[in-house]
Amino acid sequence: MTKVLSVGTPEHPVLDVVFIHGLDGDARKTWSRKEKESFWPKWLAEEFVDVAVWTVDYDAWSSGWRGQSMPLQDRAGNLMMQLRNHGIGERPLCFVTHSMGGLLAKEILLQAAEARTEFAVFAAQTKGVVFFATPHTGADLTKAVQTLGVVYRATPAVSDLERDQPYLRNLSDRYRNWVDKVEVQNLVFFEAHRTMGTRVVDPTSANPGLAGTLVVAVDANHRDICKPADRDSVVYRAVKRFVNDLRSPEQHAHAWAQLVGRQSLWIRSGTEEDDPLRRECVAAADHLALRRHEAEEALPGDPWLEADLAERIADEVERLFDFLGESAPELTAAEGAVLSLAPLVYQVHWVRRASSLSRIKPTTLEQTGSSDPDRDAYERFLHLPRWGRLVSRARVVESEAIAWWLFHRWEAGAPRVGTGDLLDGLLAEVPIATDLANILGQVVAAMRLGVDELKHVDKPVRWVSGIPVREQLLSLILLLARAWAIELLTLSPTVVEHLGIGEPVELDHLRKAVRGRHWNPAQRDTVTLQAACRHEAEYEALREHAAWVDALLHAVRRFAEYSSPLGSLRALPTRASADDVKPERESGKPAFEVPITRFRMDESRIQELLMGKRLYGDPALAIRELYQNALDACRYRKACHDYQAKVQDGLNAEWQGQITFTQGVDSLGRAYLQCTDDGVGMNKEELRSVFAIAGTRLVERAEFQRQWAKWQTHGVRFAPNSQFGIGVLSYFMIADKIVVTTRRMDTTSDQPSPALEVTIAGPGHLFRIRKAVDQSVKIGTTVRLYLRDPGPRAAPPSCVDLLRKVLGVAEHRTVADHEGRRETWSTELVPRERPAWDQDGINAHGVLVQCEAVPGGGQVIWCEHGGALLVDGLYLRPDVRRGVLADPGDALEPFGVVINLVDDWRPELSVNRALALGDVSDHVRTLLTRSVDTLFEKMPSIFTRTALTSRYGVCDLVRPSSGRPGFVGRGGRSAWLEHLV
């Protein structure tokens, strides 16, 4: 009896792989070791989600005592009928065979090639055959069967297989001649070891004699040659590569064309199969599949590519319509086209975006010194403290999976790559109408919006050839469908944090869990994620994803409540749970225990640390944090103005921000410190997701990344100074209550949003966001700290004293007022002399010579007395003292010069902002070298021999090109003396 058993059958396969066992074989045991989970046809099905994998079971007994079998010629016809009954032969085909199974495959192909029946498709569709120990010229089967312990009584299956039988010679010659005429690939293995003392199929017989086909020895006997030990074995990797090579771009195109052509969305829109728009979309799917293949070829070895992502999103679109039931909107033909093509465009766009950056060598994690700006940006990303452990682990264990994840994390927000430009370029190549392409561009861009960014889906209706398209509705449906499809790269870092360790996550198992997911309706208005996990990190990541879907569903529902065109979405569930995310069961036992055990930190104690003196040292540094947050806000608004000036002719972009500190006592006798900036301000979403969550940075939000990308394409610079996102907690070192009043600038129109107010009574406290009573406040933010009582013998820190100590150069005009004591800072350094008893703070006085700034790098200010290192205008000290910053004595900072590093040359800072981490000496030397001429032109005559010999200089620096030397860094007195004028 012949059976064709499915191992894995996707909805739209591009290739069928059929396993055929040999004598005394079995549909499963032939391809499995004794260990569980060793059935490797299943591995292939998991590896290639667009490949249908089958295994054949048929009677092939070697001895009549065990059962009956039929001759190969008859078995071939029987098996072809069974294969056709399962739809095999309708698409490209590959046979994987063992022993006599290889002869059966050859008989099938030759009968098909010579037939004029429906079976001819097997010869036309077969693209490859894998032979494991196939006796092409026969074998000493009588001896072999006796060796294997069977009391011999030959069956018809054996009779034709004796060595040098005319039938086998004829079969071998015919197959060889046929292969020479067609494009069928062959992969051949032979056994290197004996089976109980007998070589069942020797190398000569295992060789089919095909030109250009290598016959490969395997360290196994006849039984085990087709049982790879694991996924890293030579045999499995070779077959996997062989199958992958058979998945041609044309086959992908065919599968995507089928996906688009058969979707039920066309039925919902009442579009006939021969409708011109429907045919146009099918042709577009063909084109997109080819573009996807080209892009994937530029990402060899990337384990995060998902072959079935577009299919999963398309499935979830249809599932969402099923959830809506009778409330589901009727679609126009153009809307059906958008929903059908958007998942494909989304996948191709993001693969092409990654491939456009693949030249930077994603898996090279060392510093290369490359002049490529994208490579330089990638290296700076890898150097961020957040990724330090992952980078180090990837280097130690040589984990390409970690390296590729880091690359994708970087490229998803790489500002140098304009997402819109790349997407527009892709759609310009697709053979569809321009107005349809424009809408596709908008909805695909919206598919990666966050929960707090739905406001950007603001175009209710557009038109395509006179047909209305509800862009807002389609965008939200596609956004939800992508969320339900669970894209691997959008799962939390919990997954990658558990790669390259003992008992790691296996990405194949994670893919299996994602592909097997279901969103099931539970109680009223709730959908539950069902998934089986092999690893605790999978479990945690999927539960976190369900929480994100919960927030997204709630936001969509809230959005739909106020928009009549979105009324149908009110029938969607409003909540999502992860109650059915559970450990996979193995032999009746769960793969791990729940609740899972995870290393955690005590939140209250960590808060105490982050807002305490043990971390920051000086409580007054909370004032420094206030200034740096205000500076970022002003820089953000300045970048918005500069961008608008670039894209809007005649717009005046000249804008200069101001930061104002005020300290005093209010009418109720409460001491306060207030910082006001006229920067970009904050909206509700930013207050919730950035300001209120320690460790979160504005620049990591998807909305900001998209805006940054636009700025970069127009040459607009923006350099945020925030590094950790925890500075707000430092406010509580000096305050017991914070009140924030803010008004957000609309970054596209410079128009304000409503003014908002927040009161926070302490770290970890709940707070509400309310509309401010006074709506006349300007764009920007005011943070008022109500100061703690410092005790009877102490006074609260003064904003004037602290800023005078640490702020040297202000990018935006800064004013500090403490009960009448007032100071002002600008881009010009004001001389200041540090008290002799104080070893910390800016010390630069006497005559100052301010040099021209180096764009993107910094500025030098020569000084008669003192010296300092600044970053973004703020004082700190170098952690590494090398080169021009080397310290031969006991001085802690440069002498005779103030160096201000900004933008690209700004170093990483310590948490308390007191140290510049890493080596900045090369950048300092470059700045000083460029400033030597200014020194000699403007340095007054007070630099006499007597003055110079009374102290040592900063260093010796000679500029041959100028014909005269200057001084920078820490050298000796003689260097000064020989170059005096």
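All of these numbers come straight from a predicted model, not from anything done at the bench. (Residues numbered from 1 in each chain as written. Predicted model: local features only at pLDDT ≥ 70, side-chain atom pairs only at ≥ 80, totals over all residues. Heavy atoms only, no water.)

Caption draft 1: Local environment of the overall build of the protein chain. In terms of helices and strands, the protein chain carries 32 helices and 31 strands. Counting over 981 residues, the protein chain shows a buried share of 55%. In the protein chain, the proportion of contacts linking residues at least 24 apart, taken out of those at least 6 apart, comes to 74%. (Helix = DSSP H or I, 4+ residues; strand = E, 2+ residues; numbered from the N terminus. Buried < 20%, exposed > 50% of the residue type's maximum accessible area, 1.4 Å probe, protein only. Contact = heavy atoms within 4.5 Å.)

Caption draft 2: Main features of the sheet that holds strand E3 (residues 51-57). Pairing is mixed across the open sheet formed by 7 strands, whose spatial order is E1-E3-E2-E4-E5-E6-E7. Every other strand in the sheet has two partners, leaving strand E1 (3-8) and strand E7 (215-218) as the edge strands with one partner each. Averaged over all neighbouring strand pairs, the angle between strand axes comes to 20 degrees, with direction disregarded. Direction of pairing for strand E2 (residues 15-20) relative to E3: parallel, over a ladder of 6 bridges. Across the sheet, Val 18 pairs through a bridge with Trp 54, a residue of E3. (Pairing = 2+ DSSP bridges. Axes fitted to C-alpha atoms, helices over the stretch in contact; angles between N-to-C directions.)

Caption draft 3: Local environment of the side chain of Arg 743. Positionally, Arg 743 belongs in strand E17 (residues 735-745). Engagement of the side chain of Arg 743 in a polar contact is seen with the backbone oxygen of Gln 775, the distance being 2.4 Å. (Polar contact = N/O pair within 3.5 Å; in protein donor to acceptor, adjacent residues only side chain to side chain.)

Caption draft 4: Summary view of a positive patch on the surface. Residues Arg 558, Lys 684, Arg 688 and Lys 771 make up a contiguous surface patch of positive charge. By the secondary structure assignment, Arg 688 is in helix H26 (residues 684-691). Taking relative accessible area as the criterion, Arg 688 reaches 48% and is therefore assigned partly exposed. (Patch = residues over 30% accessible without salt bridge, like charges linked within 9 Å, V, L, I, M, F, W, Y side chains within 5 Å. Areas by Shrake-Rupley, 256 points an atom, 1.4 Å probe, with all protein chains shown as cover. Salt bridge = Lys/Arg side-chain N within 4 Å of Asp/Glu carboxyl O. Lys, Arg positive; Asp, Glu negative; His and termini not counted. Charge placed at Lys NZ, Arg CZ, Asp CG, Glu CD.)

Caption draft 5: Molecular detail of the pattern of salt bridges. Scanning the model with the defined rule gives 46 salt bridges in all. The salt bridge involving Arg 174 is made with Glu 114; its shortest N-O contact spans 3.3 Å. Taken together, the positions of Arg 174 in helix H7 (residues 166-181) and Glu 114 in helix H3 (residues 100-114) put the pair 60 residues apart, joining distant regions of the chain. Given a relative accessible area of 24%, Arg 174 falls into the partly exposed group. For the salt bridge of Lys 638 with Asp 642, the shortest nitrogen-to-oxygen distance reads 3.1 Å. Placement of the pair is Lys 638 and Asp 642 together in helix H25 (residues 621-647), with a separation of 4 residues, close to one helical turn. Residue Lys 638 is classed as partly exposed on the basis of its relative accessible area, which comes to 27%. Residues joined by salt bridges that share partners form a network here, namely Glu 46, Glu 47, Arg 231, Lys 240, Asp 508 and Arg 511.

Caption draft 6: Inspection of the nonpolar core at higher detail. Judged by nonpolar contacts, the single largest core of 118 residues is most densely connected at Leu 406, Leu 440 and Leu 569. Per element, the largest residue contribution to this core is 14 residues, and it comes from helix H14 (residues 333-356). Among the domains, domain 2 (255-490) and domain 3 (497-598) are the pair contributing at least three residues each to this core. Here Leu 569 is in contact with Leu 324, Leu 473, Leu 476, Ile 477, Val 556, Arg 557 and Ala 560, once residues within four sequence places are set aside. Formed by 49 residues, the second largest nonpolar core is a distinct cluster that contains Ala 622, Phe 691, Ile 769 and Leu 807. (Core = buried A, V, L, I, M, F, W, Y, C linked by side-chain atoms within 4.5 Å. Domains from an automatic or database assignment.)

Caption draft 7: Summary view of the packing of aromatic side chains. Taken as a whole and assessed by the stated rule, the structure comprises 23 aromatic pairs. Pairing Phe 381 with Trp 387 gives two aromatic rings, centres 5.6 Å apart and planes at 35 degrees, and the pair type is tilted. Consider the rings of Tyr 636 and Phe 718, whose centres lie 5.9 Å apart with planes at 55 degrees: the pair is tilted. Placement of the pair is Tyr 636 in helix H25 and Phe 718 in the loop between helix H27 (702-713) and helix H28 (727-730), with a sequence separation of 82 residues. The buried category is assigned to Tyr 636, whose relative accessible area is 3%. By way of ring pairs, the aromatic residues Phe 19, Trp 31, Trp 40, Trp 43, Phe 132, Phe 189 and Tyr 236 are connected into one cluster. Over the ring of Phe 39 we find Arg 28, and its NZ or CZ is 4.3 Å from the ring centre. The cationic tip of Arg 744 hangs over the ring face of Tyr 636; the distance from NZ or CZ to the ring centre is 5.3 Å. (Phe/Tyr/Trp six-rings, centres within 6.5 Å; stacked < 30°, edge-to-face > 60°. Lys NZ or Arg CZ within 6 Å of the ring centre and 35° of its normal.)

Caption draft 8: Representation of the environment of Leu 510 within the structure. On the secondary structure map, Leu 510 appears in helix H21 (residues 507-515). For Leu 510, a relative accessible area of 0% translates into the label buried. Along the chain, Leu 510 and Ala 532 lie 22 residues apart, while their C-alpha atoms are 9.4 Å from each other. Look past the residues within four positions of Leu 510 in its chain and what remains in contact with it is Leu 488, Leu 491, Val 495 and Glu 538.

Caption draft 9: Main features of the sheet that holds strand E26 (residues 874-878). Here we have 7 strands laid out as an open sheet, ordered E23-E24-E27-E25-E26-E29-E28, and mixed in their pairing. Pairing within the sheet leaves two strands with one partner each, and these edge strands are strand E23 (844-850) and strand E28 (908-909). As paired elements, E28 and strand E29 (residues 915-917) share 2 bridges and run antiparallel to each other. Paired with Glu 908 across the two strands is Leu 917, which belongs to E29. Packed on one face of the sheet, helix H30 (residues 921-938) meets E23, strand E24 (858-866) and strand E27 (897-901) and runs near 60 degrees to E24.

Caption draft 10: Inspection of the packing of helix H12 (residues 276-297) against H14 at higher detail. The contact between H12 and H14 brings their axes to 9 Å, and the two run at 10 degrees. With respect to H14, the element H12 is oriented roughly parallel. Here H12 contributes Leu 277, Cys 281, Ala 284, Ala 285, Leu 288, Arg 291, Arg 292, Ala 295 and Glu 296 to the contact with H14, which in turn contributes Ala 333, Ala 334, Ala 337, Leu 341, Leu 344, Val 345, Gln 347, Val 348, Val 351, Arg 352 and Ser 355. Classifying every residue of the contact of H12 with H14 gives 14 nonpolar, 2 polar and 4 charged. (Parallel < 35°, antiparallel > 145°, perpendicular 65-115°, else oblique. Nonpolar A, V, L, I, M, F, W, Y, C, P; charged D, E, K, R; others polar.)

Caption draft 11: Molecular detail of the pairing of strand E11 (residues 526-533). Among the 8 residues that make up E11, 6 are buried, leaving the element largely enclosed by the rest of the structure. Bridge count for strand E10 (residues 518-521) against E11 is 4 bridges, and the pairing is antiparallel. Bridging from a neighbouring strand, Asn 520 pairs with Thr 528 of E11. For E11 and strand E12 (residues 575-583), the ladder comprises 7 bridges, and the chain directions are parallel. Bridge pairing in E12 places Ala 532 opposite Lys 582.

Caption draft 12: Examining unusual backbone geometry more closely. Across the junction of Val 594 and Pro 595, the peptide omega takes the value 0 degrees, indicating a cis bond. Here Pro 595 shows up in the loop between strand E14 (589-590) and helix H23 (603-610). Phi angles above zero are rare outside glycine, and Met 196 is one such case at about 50 degrees. Along the chain, Met 196 falls in the loop between strand E6 (185-191) and helix H8 (203-206).

Caption draft 13: Geometry of the environment of Thr 814. Secondary-structure assignment places Thr 814 in strand E21 (residues 813-818). When its relative accessible area of 0% is taken as the criterion, Thr 814 is described as buried. Along the sequence, Thr 814 and Asp 677 sit 137 residues apart, while their C-alpha atoms lie 9.2 Å from each other. Aside from chain neighbours lying at most four places away, what touches Thr 814 is Tyr 627, Ile 659, Phe 661, Leu 807, Glu 823, Thr 824 and Trp 825. Among the polar contacts listed, one links the side chain of Thr 814 to the backbone oxygen of His 812, at a separation of 2.9 Å.

Caption draft 14: Broad picture of the packing of helix H2 (residues 72-85) against H3. Closest axis-to-axis distance for the H2/H3 pair is 9 Å, and the angle between their directions is 70 degrees. Judged by the inter-axis angle, H2 sits roughly perpendicular to H3. Facing H2, whose interface residues are Leu 72, Gln 73, Arg 75, Ala 76, Gly 77, Leu 79 and Met 80, H3 presents Met 100, Leu 103, Leu 104, Glu 107, Ile 108, Gln 111 and Ala 112. Class assignment of the residues belonging to the contact of H2 with H3 gives a composition of 9 nonpolar, 3 polar and 2 charged.

Caption draft 15: Fine view of the environment of Thr 368. Residue position: Thr 368 is located in the loop between H14 and helix H15 (373-382). For Thr 368, a relative accessible area of 42% translates into the label partly exposed. When the C-alpha atoms of Thr 368 and Glu 379 are compared, they prove to be 8.3 Å apart, with 11 residues separating the residues in sequence. When sequence neighbours within four positions are dropped, the list of residues in contact with Thr 368 reads Arg 375 and Glu 379. Within the local environment of Thr 368, its side chain forms a polar contact with the backbone nitrogen of Ser 370, the two atoms lying 3.3 Å apart. Within the structure, the side chain of Thr 368 is placed 2.5 Å from the side chain of Glu 379, a separation counted as a polar contact.

Caption draft 16: Structural context of helix H29 (residues 799-806). Turning to H29, its buried residues are Cys 799, Val 800, Leu 802, Leu 803 and Val 806. The arc that holds the buried residues of H29, viewed along the axis, is 170 degrees, so those residues lie on one side. Check the buried side of H29 and you find it contacts H25, strand E15 (658-665), strand E16 (671-677), E21, strand E22 (821-825) and E26. Its side-chain oxygen placed 3.3 Å from the backbone nitrogen of Val 800, Ser 798 serves as the N-cap of H29. (Arc of directions from axis to C-beta.)

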